[in-house]
Amino acid sequence: MIRAGVVGASGLAGGELIRLITQHPDLELTFLGGSSNIGRRPSELHPGLRYDQGLTIQPVTEEVADQVDVLFLATPAPVSAELASLLADRVPAIVDLSGAFRIRTLELHDRWYPKVRRRTDLADRFVYGVPELIGGQLADAALISLPGCYATAITLGLAPLTLGLGLDLKTVVVDAKSGSSGGGVQLRTSDLHPFRAGAIAPYSPTGHRHAAEVGDFLERSKPGTIGNLTMSAYGVPNVRGLLTSSYVFTDEKLDQRELNRAYLRFYKGRPFVRVRRHSETLIPVPDPQVVLGSNYADVTVLLDEDGGRIVVLAALDNLVKGAAGQAVQATNLRFGLPEETGLTQQPVMPA
């Protein structure tokens, strides 16, 4: 068994990690860490969990290295940066779910994460990206940084165009909508029920740090294939799930059939990305509600000939494929397991 620890066990992503790890045939939950709720059981903090395994939340010290083979950091970025500095050379594998090490370029990192001070040498050692796109780099990786939930959806949507077809994307405009769980469990007035219920809140209308990490990753992966990428983000009344709509402008000429084939070819053999036709089900897809509770991402590509653009839609559960599920998927690849191990749960619908 692979011994797994979760730091940030009180949070939403931490709770999802506990849920997935305790159902995984090859992972054993051996440590729960945090700075608050010390001594409390996971079932006290996550009402849906009833499998404590005798564990309570403990402070994180260097001794955790003796208890785990992989440590998941479901912590705010400043905390992840601090813990990575403490444990990077002690724990065999660290999987960070925060933004501390996502952006490699120093100037971009300082712009979008001005309060996150990280060791420069660690920033260069972290392997970053969606498992479908960097799977080969995860084998034996000691430090893994996972994309944000929006970034995961955007990157999965754009990768067949940039990394597959090698298109020069002049401009990409992303419209992104996410449920309230994307903001975690911090108490903010704007998240109170009287303000959130029924609202479509443009909380980041002129830019978002997840767009910066997508641009940084794609530029490093295939320089010169993406120009200006900008994003507007909205909060919607859903609790879980997100949808990104990427409007792509390029001088390249393709038809709908070429696009469909390119996406199907690119994601062949990648079990968690479902390339779908917009009208193939009872309701138009992608729709976040048809992937909830699962590690699947649904992707659709459409050619808007009148608008001179390619429209790429991507939907996923922000707490699973956008966080905890993707972390387990990366861990499977890191330890030589089939990537779908422990992650074959079908979506829950209706939700």
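Below you will find a few notes about this structure.

Rules used in this analysis
Throughout, a residue's number is its position along its own chain's written sequence, starting from 1. With pLDDT at 70 or above as the cut-off, local features in this predicted model cover only qualifying residues; side-chain atom pairs require 80 or more to be listed or tallied, and sums for whole chains, interfaces and linings still use all residues. Where side-chain values are given, they derive from all heavy atoms of the structure, hydrogens and water being excluded. Secondary structure elements follow DSSP: runs of H or I no shorter than four residues count as helices, runs of E no shorter than two count as strands, and numbering proceeds from the N terminus. Computation of the radius of gyration draws on C-alpha atoms, with the globule rule given as 2.2 Å multiplied by the number of residues to the power 0.38. Throughout, a contact is declared for two residues whenever any of their heavy atoms are within 4.5 Å. Residue exposure ignores everything except the shown protein chains as possible cover, and the areas themselves are Shrake-Rupley values with a 1.4 Å probe. Counting rule for charge: Lys and Arg are taken as positive, Asp and Glu as negative, and neither His nor the chain ends is counted. Taken as the charge centre is NZ of Lys, CZ of Arg, CG of Asp or CD of Glu, depending on the residue. Throughout, an axis means a line fitted to C-alpha atoms (over the contacting stretch in the case of helices), and angles, computed between N-to-C directions, take values from 0 to 180 degrees. Oblique is the label for every angle not falling under 35 degrees (roughly parallel), over 145 degrees (roughly antiparallel), or within 65 to 115 degrees (roughly perpendicular). When residues are grouped by polarity, Ala, Val, Leu, Ile, Met, Phe, Trp, Tyr, Cys and Pro land in nonpolar, Asp, Glu, Lys and Arg in charged, and all others, Gly among them, in polar. Per-residue accessibility, obtained with a 1.4 Å probe over protein chains only, is compared with the maximum for each type, and a residue is labelled buried under 20%, exposed over 50%, and partly exposed between these values. A 3.5 Å cut-off defines polar contacts: any pair of N or O atoms within that distance qualifies, except that in protein one atom must be a possible hydrogen donor and the other a possible acceptor, and neighbouring residues in sequence count only when both atoms are side-chain atoms. In this description, strands pair whenever DSSP reports at least two bridges between them. Under the pairing criterion, centres of Phe, Tyr and Trp rings, with the six-membered ring standing for Trp, must be within 6.5 Å; the plane angle then separates stacked pairs below 30 degrees from edge-to-face pairs above 60, leaving the rest tilted. Only when the NZ of Lys or the CZ of Arg is both within 6 Å of the ring centre and within 35 degrees of the ring normal is a charge said to sit over the ring. To form a nonpolar core, buried Ala, Val, Leu, Ile, Met, Phe, Trp, Tyr and Cys residues must be joined to one another through side-chain atoms within 4.5 Å.

1. Details of the overall build of the chain
Point 1. Of regular secondary structure, the chain possesses 11 helices and 13 strands.
Point 2. The C-alpha atoms of the chain give 19 Å as radius of gyration, which agrees with the globular expectation for 351 residues (20 Å, within 12%).
Point 3. Look at the contacts in the chain between residues 6 or more apart in sequence, and 73% of them connect residues 24 or more apart.
Point 4. Of the accessible surface of the chain, which amounts to about 15200 Å², a share of 52% is contributed by carbon and sulfur atoms.
Point 5. Computing the positive centroid from 34 side-chain charges and the negative centroid from 37, the chain places the two 2 Å apart.

2. Quick notes on the packing of helix H7 (residues 149-164) against helix H10 (residues 256-266)
Point 1. Here H7 crosses H10 at 95°, and the two axes come no closer than 10 Å. By the criterion of interaxial angle, the relationship of H7 to H10 is roughly perpendicular. Each of Gly157, Ala159, Pro160, Leu161, Leu163 and Gly164 in H7 lies in contact with H10, whose residues at this interface are Leu259, Ala262, Tyr263 and Phe266.
Point 2. For the contact of H7 with H10, the residue count by class is 8 nonpolar, 2 polar and no charged.

3. Details of the side chain of threonine 75
Point 1. Note that threonine 75 resides in the loop between strand E3 (70-73) and helix H3 (77-87).
Point 2. Judged by its relative accessible area of 12%, threonine 75 is buried.
Point 3. A distance of 2.7 Å separates polar atoms of two side chains, one belonging to threonine 75 and the other to serine 80.

4. A word on the sheet that holds E3
Point 1. In space, the 6 strands of this open sheet follow the order E2-E1-E3-E4-E6-E5, with parallel pairing throughout. Two strands lie at the open edges of the sheet, namely strand E2 (27-33) and strand E5 (127-128), each paired on one side alone.
Point 2. Note: E5 against strand E6 (residues 143-145), 2 bridges, orientation parallel. Within E6, the residue paired with valine 127 across the bridge is isoleucine 144.
Point 3. On the sheet, helix H1 (residues 12-21) packs against strand E1 (2-7), E2 and E3 and is oriented at approximately 155° with respect to E2.

5. Some words on the environment of isoleucine 310
Point 1. Mapped onto the fold, isoleucine 310 is located in strand E13 (residues 309-316).
Point 2. C-alpha of isoleucine 310 to C-alpha of threonine 250: the two residues are 60 residues apart in sequence and 8.2 Å apart in space.
Point 3. Not counting the four nearest positions on each side in its chain, isoleucine 310 is found in contact with Leu161, Ser246, Tyr247, Val248, Thr250, Leu259, Val301, Leu302 and Leu303.

6. Comments concerning the packing of aromatic side chains
Point 1. According to the stated counting rule, one finds 4 aromatic pairs in the structure shown.
Point 2. Ring centres 5.0 Å apart and planes at 85° place the aromatic pair phenylalanine 266 and tyrosine 267 in the edge-to-face group.
Point 3. For the cation-ring pair, arginine 270 lies above phenylalanine 266, with the distance from its terminal atom to the ring centre recorded as 5.0 Å.
Point 4. One residue, arginine 309, lies across the ring of tyrosine 247, its end atom 4.7 Å from the ring centre.

7. Concerning the environment of valine 70
Point 1. Secondary-structure assignment places valine 70 in strand E3.
Point 2. As a C-alpha pair, valine 70 and lysine 177 span 107 residues in sequence and 32 Å in three-dimensional space.
Point 3. Contact partners of valine 70, with chain neighbours within four places excluded, come to Ile2, Arg3, Ala4, Gly5, Ala93, Val95, Thr331 and Phe335.

8. Topic: the side chain of serine 145
Point 1. Positionally, serine 145 belongs in strand E6.
Point 2. Serine 145 has contacts with Asp96, Ser98, Phe101, Arg102, Phe126, Val127, Tyr128 and Gly129, leaving out every residue within four places of it along the chain.

9. So, the sheet that holds E13
Point 1. Spatially, the 7 strands line up as an open sheet ordered E8-E9-E7-E10-E13-E12-E11, and their pairing is mixed. On the outer flanks of this sheet lie strand E8 (201-204) and strand E11 (273-275), each paired with one strand and no other. Direction aside, neighbouring strands of the sheet carry axes that sit 25° apart on average.

10. Details of the nonpolar core
Point 1. Ranked by internal contacts, the top residues of the largest apolar core, which has 79 residues, are Leu17, Phe72, Leu158 and Leu161.
Point 2. Among the nonpolar cores identified, the runner-up in size contains 25 residues, and Leu71, Leu73, Ala100 and Leu143 belong to it.

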